[in-house]
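This is what each chain is made of:
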Amino acid sequence: MDPMALVTQYNLLQNGPPEESKLATYMKRQNNASPQSSLYSALSKNYSNLDINQSPVSMKKASIPTVDFVPRNLVSSLNNPDGSSMYAKDKSQPIQAYQKNVNGTTYFYPPDTNGSNQPNGNIFDDPSGYLPMPSVESPTSSLYAQDDLRRDLLHRNALSMASPDSDRWPDLPETIEDYHDVYPLDIYGHSSKILTYSTSTYRATYSKTGEKCCLKRIHGFRLTITKYAPLIEAWKKINHANIVQLKDVFITKAFNDTSLMFIFNYHPDSESLQTRHFNSNETMNGYNDPFSSDPNAPRPYSHTKNAILRHQHSNGLLSENTLWNYAIQLSSALRVIHGSGLALRGLCLNRVLVTGHVNNRARLRINCVAITDILLNDMASSNMIGHFQQEDLTDFGKLLLALACRSLIAVHQDNLATSIDLMARSYSSDIRNIIRYLLSTQRRHITELMPMIGARFYTQLDAAQNHSDNLENELSKEMENGRLFRLLVKLGSINERPEFNLDPAWSETGDRYMLKLFRDYLFHQVTEEGRPWLDMSHIVQTLNKLDSGSSDTICLYSRDEKTILVVSYQELKHCLEQSYCEIASVAASDDHIKAE
């Protein structure tokens, strides 16, 4: 064993642990701590068992008594599978855990979940907090957008710029009226069904604005839509955060037939609630048929309860915060639709798009508005609109119940009582009450949901505003990066330019030479040992002073240290602007540089 390690252990026994050590921190937290002598005697007993051939980093299985200096994360994680703590049965019962001694400091962590006697990977990389390892933040983390946000935006941009394969879709038209760059969005090119009509979905670019749009095509539509103009205009006026806005409706023959086209806003990387939260083999036309001839389909009576429980177990329950998040967003959309004298007519899981990979930040948008009104070919009167709005509230209650039970058979009429009873076991009575209200036969109104939501509305509003603040903060980073990028473009355009106006030494004389020395001061500094000195904060701070024209002065050295210049950032900015203007004026000129 290393002699220095033995000296460290001896000092620990005589003088106690260092004040900055993790062990001393946990010892200070003891309210009814045992005398230090007992701790030292326990440590002495352990040290007496040290082997001279034992490595400095030792691993052994330990029986840890319930003392306070054991990390709290360890105590909270050492629970039985049923959720009860080991201490609840017998507080005197020791916990089988593992300890690791590194340079005189002992770290405790739980055994692997599979019961093995090995730690869970490298303990220094364990995010659970068993080790007192400081989290060192990268000095450049505050200068760039978050990695997950950048990844999502790049992915969405890639989806928006994807081009179709002409061999795979040979009959795809190049343009559809004022829309070009048509790209099919249906999986494997398969069309879906709305009522009795086949449908297809495309992404295209609007020629007049360059905006990406989603085109919903209704195949073989042979009716006119002139009489629906007032209805279409009413839907087009609805611009809500939780509704996919309708942009236009027209009939086209671009597909060699008479197709009805609905134009909506395009939201890349979106999926339906049904796709996100349910298995594909469980659904049929939005819900499972309880009287299906499929022998594997759950039967509606004798097996209903077991089937719902099986779906809950296989899919996993949603958190209550997620359910309230969905309920608030959908109720907000329905409030606007009903307030405009319209009805959604057919709210189901397939018609709700969800964007975002974190449930608390997930954005819901109701899709395919106005399609049902036109395809059914019935100009509903004001009395019928009220009836359709009541159906919207019933569909809303079924949607929430299906999400709460994580089963699509839960929403059938014969299963509602059983489903609500099972749902009440996992969620609060407020969720149960709002679903019961939506599924009741009394006359309901969307505005009556607000008192039922209560203060949870402010929780979701706070989360949305915090997310907005975070996005603004990330945007400000990129804004500053763009400003500094323009400075670097100007420097790169001036420095080391091989020839300008037939003067090969243009970039090595006058103002340009000063900017060359500034470039070395900015990027090419070295330490006293001659190693490259990399400091992002130095680069950012220096560029900010250059951009603002600060009066601070800096000392510029040539590489051979024969030239020394003391200049201010204000003078450097003047040199930069003047030199770049010379290049820009020549680049914009129509006159060609005469040859020698």
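Here is what the cut-offs are and how they apply
- Residues numbered from 1 in each chain as written.
- Predicted model: local features only at pLDDT ≥ 70, side-chain atom pairs only at ≥ 80, totals over all residues.
- Heavy atoms only, no water.
- Pairing = 2+ DSSP bridges.
- Helix = DSSP H or I, 4+ residues; strand = E, 2+ residues; numbered from the N terminus.
- Axes fitted to C-alpha atoms, helices over the stretch in contact; angles between N-to-C directions.
- Contact = heavy atoms within 4.5 Å.
- Patch = residues over 30% accessible without salt bridge, like charges linked within 9 Å, V, L, I, M, F, W, Y side chains within 5 Å.
- Areas by Shrake-Rupley, 256 points an atom, 1.4 Å probe, with all protein chains shown as cover.
- Salt bridge = Lys/Arg side-chain N within 4 Å of Asp/Glu carboxyl O.
- Buried < 20%, exposed > 50% of the residue type's maximum accessible area, 1.4 Å probe, protein only.
- pLDDT = per-residue confidence, 0-100.
- Phe/Tyr/Trp six-rings, centres within 6.5 Å; stacked < 30°, edge-to-face > 60°.
- Lys NZ or Arg CZ within 6 Å of the ring centre and 35° of its normal.
- Expected span 1.5 Å × (residues − 1).
- Arc of directions from axis to C-beta.
- Lys, Arg positive; Asp, Glu negative; His and termini not counted.
- Parallel < 35°, antiparallel > 145°, perpendicular 65-115°, else oblique.
- Left-handed = near helix turned anticlockwise from the far one by under 90°.
- Nonpolar A, V, L, I, M, F, W, Y, C, P; charged D, E, K, R; others polar.

> Quick question: what am I supposed to make of the sheet that holds strand 11 (residues 270–272) here?
Neighbouring strands of a sheet are bound in pairs by backbone hydrogen bonds; such pairs are parallel or else antiparallel. Here three strands make up an open sheet; going across it, the order is 11-12-13 and the pairing antiparallel. At either end of the open sheet lies a strand with only one pairing partner, and these are strand 11 and strand 13 (363–366). The average angle at which neighbouring strand axes cross in this sheet is 35 degrees, direction not considered. Bridging between strand 12 (residues 352–355) and strand 13 involves four bridges; their strand directions are antiparallel. Each bridged residue has a counterpart across the sheet, and for Leu353 the counterpart in strand 13 is Arg365. The strands that helix 10 (residues 320–339) touches are strand 12 and strand 13; relative to strand 13, the one it contacts most, it runs at about 35 degrees.

> I'm lost on a nonpolar patch on the surface in this one. Help?
Among the surface-exposed residues, Tyr557, Ile564 and Val566 lie close enough to one another that they form a single nonpolar patch of about 310 Å² accessible area. In this structure, Val566 sits in strand 15 (residues 564–568). Residue class for Val566 comes out exposed when judged on its relative accessible area of 59%.

> Please clarify how the confidence of the model for the chain should be interpreted in this entry.
Low pLDDT means the predicted coordinates in that region are not meant to be read closely. With 66% of its residues at a pLDDT of 70 or more, the chain has an overall mean of 75. Averaged over each element, pLDDT in the chain is lowest for helix 5 (residues 86–89) (39) and highest for strand 10 (residues 259–265) (96). The model gives residues 592–596 a pLDDT under 50, and that stretch makes five contacts with residues more than four places away or in other chains.

> Looking at this structure, how should I read the pairing of strand 5 (residues 179–184)?
Look at any regular strand and the pattern is simple: side chains alternate between the two faces of the sheet. Across two bridges, strand 4 (residues 175–176) lies against strand 5 in antiparallel orientation. By the bridge assignment for strand 5, Thr175 is matched with His180. As consecutive antiparallel partners, strand 4 and strand 5 are separated by two residues, and within that stretch Glu177 has a phi angle of approximately 55 degrees, a positive value. The pairing of strand 5 with strand 7 (residues 197–206) spans four bridges and is classified as antiparallel. Of the residues in strand 7, the one forming a bridge with Pro184 is Tyr202.

> Please explain the packing of aromatic side chains as it appears in this structure.
Describing an aromatic ring pair means giving the distance of the ring centres and the angle of the ring planes. Enumeration over the complete set of coordinates arrives at eight aromatic pairs. Geometrically, the ring pair formed by Tyr179 and Phe250 is stacked, given 6.2 Å between the ring centres and 15 degrees between the ring planes. Separated by 71 residues along the polypeptide, Tyr179 in strand 5 and Phe250 in strand 9 (residues 246–252) bring together distant segments of the chain. Of note, Arg345 hangs over the ring of Phe388, and the distance from its end group to the ring centre comes to 3.8 Å. The ring of Phe278 has Arg406 sitting right over it, with the charged end atom 6.0 Å from the ring centre.

> Explain unusual backbone geometry here, please?
Phi is mostly negative for residues that are not glycine, and the peptide bonds are mostly trans. Here the phi dihedral of Asp181 falls at roughly 55 degrees; this positive angle occurs in a residue that is not glycine. What makes Asp181 partly exposed here is its relative accessible area of 43%. For Arg345, which is not glycine, the phi torsion reads 65 degrees and is therefore positive. Within the secondary structure, Arg345 is located in the loop between helix 10 and strand 12.

> Would you mind showing me how to read the packing of helix 17 (residues 510–523) against helix 18 (residues 536–548) here?
The packing of two helices is summarised by the inter-axis angle and the distance between the axes. Direction vectors running N to C along helix 17 and helix 18 enclose 145 degrees, while the axes themselves pass 9 Å from each other. The segment helix 17 lies against helix 18, with Phe518, Tyr521, Leu522 and Phe523 engaging His538, Ile539, Thr542, Leu543 and Leu546.

> Which parts of the structure should I look at to understand helix 19 (residues 569–588)?
Helical geometry: 3.6 residues make up each α-helical turn, so side chains three or four residues apart lie on a common side. Between its terminal C-alpha atoms helix 19 stretches 28 Å, which fits the 28 Å expected from 20 residues at 1.5 Å a residue. The complete set of buried residues in helix 19 reads Tyr569, Leu572, Cys575, Leu576, Ser579 and Ile583. Projected onto a plane normal to the axis of helix 19, the buried residues spread over an arc of 125 degrees and lie on a single side. Seen from the open side of helix 19, the exposed residues pointing more than 90 degrees away from its buried face are His574 and Ala588. In the core, the buried residues of helix 19 are packed alongside helix 16 (456–494), helix 17, helix 18, strand 14 (553–557) and strand 15.

> Honestly, the pattern of salt bridges in this entry has me stumped. Any pointers?
The final tally for this structure, using the stated rule, is 14 salt bridges. A salt bridge links Glu577 to Lys490, with the shortest nitrogen-to-oxygen separation between them at 3.3 Å. You can see Glu577 sitting in helix 19 and its partner Lys490 sitting in helix 16, a full 87 residues away along the chain. On the basis of relative accessibility, which here comes to 29%, the residue Glu577 falls in the partly exposed class.

> Can you walk me through the side chain of Asp392 in this structure?
Here Asp392 lies in helix 12 (residues 382–405). Comment: no salt bridge for buried Asp392; closest opposite-charge side chain is Arg351, at 6.9 Å. If near-sequence neighbours (up to four positions away) are discounted, Asp392 is found in contact with Leu334, His338, Ala343, Leu344, Arg345, Gly346 and Leu347.

> Help me out: how do you make sense of the packing of helix 16 against helix 19 in this one?
Here helix 16 crosses helix 19 at 65 degrees, and the two axes come no closer than 10 Å. One finds that helix 16 runs roughly perpendicular with respect to helix 19. Handedness of the helix 16/helix 19 crossing: left-handed. Of helix 19, the residues touching helix 16 (which contributes Leu487, Lys490, Leu491, Ser493 and Ile494) are Leu576, Glu577, Ser579, Tyr580 and Ile583. Tallied by class, the residues present in the contact of helix 16 with helix 19 amount to six nonpolar, two polar and two charged.

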